[in-house]
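Each chain is listed here by its residues.
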Amino acid sequence: MALCEAEKTFVLHGVEENFRVDGREREDYRPIELETNIVSHAFGSARLRLANTDVLVAVKIEVDVPYPERPKEGKLEFFVDCSANATPDFEGRGGEDLAIEISNSLSAAYKSPEVFDLTKLCILKGHKCWKIFVDILLLECGGNLYDAVSIAVKAALWDTRIPLVKSVTVDGNNVDMEVSDELHDCQKLDVTAAPIMVTVCKIGEQCIVDPNVAEELCSVGAVVIAVSKDKFSTVLQIGSGSLHPQTLLECLQMGEKVAQRLSEALTETLSEINPNKNQDVGFLK
Amino acid sequence: MSKNRELLSKIGLRQDGRRADELRRIRCKLGVFTEPDGSAYLEQGLTKVLAAVYGPHQVRGSRSKAQHDSAVVNCQFSMAVFSTGERKKRPRGDRKSTEISIHLRQALTAAIKVELYPWTQIDVYVEVLHADGGIYPACVNAATLALIDAGIPLKEYVCACTASLANNDVPLLDVSHQEEIIGGPTLTVAALPMSGKIVLMEMSQRFHVDHLQKVLDKALQGCKDIKSILDEAVKSHIQDVGSSTGWASTT
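The rules we used
Residues numbered from 1 in each chain as written. Chains lettered and ligands numbered in written order. Predicted model: local features only at pLDDT ≥ 70, side-chain atom pairs only at ≥ 80, totals over all residues. Heavy atoms only, no water. Axes fitted to C-alpha atoms, helices over the stretch in contact; angles between N-to-C directions. Helix = DSSP H or I, 4+ residues; strand = E, 2+ residues; numbered from the N terminus. Parallel < 35°, antiparallel > 145°, perpendicular 65-115°, else oblique. Left-handed = near helix turned anticlockwise from the far one by under 90°. Contact = heavy atoms within 4.5 Å. Nonpolar A, V, L, I, M, F, W, Y, C, P; charged D, E, K, R; others polar. UniProt positions renumbered as here; feature names shortened; annotations may be inferred. Salt bridge = Lys/Arg side-chain N within 4 Å of Asp/Glu carboxyl O. Buried < 20%, exposed > 50% of the residue type's maximum accessible area, 1.4 Å probe, protein only.

(A) Region of interest: the packing of helix H2 (residues 96-109) of chain A against helix H3 (residues 145-159) of chain A. All names here are of chain A. Relative orientation of the contacting elements H2 and H3 amounts to 55°, with a least axis distance of 11 Å. Comparing their axes, H3 and H2 come out oblique. Pair H2 / H3 crosses with right-handed handedness. Contact residues: Leu-98, Glu-101, Ile-102, Ser-105 and Leu-106 in H2; Leu-145, Tyr-146, Val-149 and Val-153 in H3. For the contact of H2 with H3, the per-class residue count stands at 7 nonpolar, 1 polar and 1 charged.

This is how it looks when you write it as structure tokens:
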């Protein structure tokens, strides 16, 4: 997508007037659709559609050996795949840069033990732990990827059920574990503190959240803020522009406020999800 | 145990309860995304595939690829890392994906009226979300729908289907992953079902050449059945889109 000068000026004036091209105010999000449990053989999954941005997240779990330096902790790994369905630029290895950028930001955001407690994933200290793979598939890019991905990841982790380990027996170097046969015997992950990322985009003199593709093209710089409960877990500047320290501070404040609202909305939505309701899910809707 | 692993039981039922000549349930939707020129989603049993079409557009990358008398069809097949039971390491670039990409291009080029768009390129991207046997046929069927959604002229629908042979005698239609594991030959056919032409045929394992005709016939019948299902979906989609512009009220 390319914008001419006149179009850019139009977007910029809209932001200045607090009345954006699609009628939103500066702190408004576009409509979000969220579905959980749509990949049947994953341990947890979610699909999020934020206007034109479409993200599918699936969680897989494997048994692994903990890192020697952190024997009491499980593992959490993020993998982003930019599907060529989103744009032909992603064909072959074209999407790899973006994929690595997003997965690294997620790893950074989830790193702190206050955000996500990895010790809960330990099965036997130093010998066995759960390894959680969070696989993110970008199906359509309509701007604001970071926010969409972080919400989808949180929802997928919320949906994840880890099998219950009944007993662990140690025989020399051999560790045997028995997993409960009961299908519904499983534990859920605690995601109350899982971070939500908000991209604050500076256009002209003002900051906005949830930029669409046109707005992303007009921005001079953007900051991604990962907020867990009331604390920041990561702050990351993206794009090529430079920001004044004062502006950066304003961005952070705005980001935190918006993330708080978003997090509340997400918690409310997730609590309303009824797994027993049988309906046409996924892409057939 | 051995009894459980039969492809076809004595009373003529398969592992998943289908009869020998029954397809798995096909559900599909056209126009799932707005960004591509055409897109489609298709479920064949548990196999789930998304397809997107971009083009015809100017040839990207090296100009030398462009052809003066036809469009270049470019296909990329990729599988989500979570699509299989065991997590995959890479979504694309392995041998199997490359092979399926090439076969897709072969089948689609045969169906698209490429001569109408010289010096251009048509991109077809398929993404497997859930693999449960018959991946290639599902991809071909989804790609056909996406091409139709993009409004690219086709000679006719191109449909694909698999068939197998049970008990050395009975041909089975539309092989699932479970049946692939049990074993038995798999014949994959991509065809232009209205004219009955075969654009791609691939077979794994062996059976006697005498059986080939009936297995092939079965697979072709499957392609015809799939064609009528896809046709139905296309018609209802066109009706939905058309009625929103008010065309239905004029008739």
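(B) Seen up close, the UniProt feature "domain: Exoribonuclease phosphorolytic" (unreviewed entry) in chain B. Residues and elements named next belong to chain B. UniProt's feature table lists "domain: Exoribonuclease phosphorolytic" (unreviewed entry) at residues 22-153 and 157-221, given in the numbering used throughout. Annotation note: span residues 22-153, helix share 25%, strand share 33%, distance between end C-alpha atoms 31 Å. Strand forms 42% of residues 157-221 and helix 29%; the C-alpha atoms that close the span are 14 Å apart.

(C) Region of interest: the packing of H3(A) against helix H5 (residues 245-272) of chain A. Residue and element names in this part refer to chain A. Between H3 and H5, the shortest axis-to-axis distance is 11 Å and the interhelical angle comes to 35°. As H3 runs across H5, the sense of the crossing is right-handed. Contacts between H3 and H5 pair Ile-151, Lys-154, Ala-155 and Trp-158 from the former with Leu-262, Ser-263, Leu-266 and Leu-270 from the latter. In the contact of H3 with H5, the residues fall into 6 nonpolar, 1 polar and 1 charged.

(D) Spatial organisation of the UniProt feature "domain: Exoribonuclease phosphorolytic" (unreviewed entry) in chain A. Residue and element names in this part refer to chain A. As recorded in UniProt, the sites labelled "domain: Exoribonuclease phosphorolytic" (unreviewed entry) are residues 29-163 and 195-257. Structurally, residues 29-163 is divided into 21% helix and 38% strand, and its ends, taken at the C-alpha atoms, are 36 Å apart. Secondary structure within residues 195-257 divides into 30% helix and 44% strand; the distance between the first and last C-alpha atoms comes to 14 Å.

(E) Quick look at the pattern of salt bridges. Summed over the entire model, instances satisfying the criterion amount to 30 salt bridges over all chains. Two residues, Asp22(A) and Arg24(A), come together in a salt bridge whose shortest N-O distance is 3.1 Å. Take Asp22(A): its relative accessible area is 39%, and that puts it in the partly exposed class. Where Arg18(B) meets Asp16(B), a salt bridge forms, and the shortest distance between an N and an O atom there is 3.1 Å. Given a relative accessible area of 38%, Asp16(B) falls into the partly exposed group. A cluster of three or more residues bridged by salt bridges with shared partners is formed by Arg20(A), Asp22(A), Arg24(A), Arg30(A), Asp210(A) and Glu215(A).

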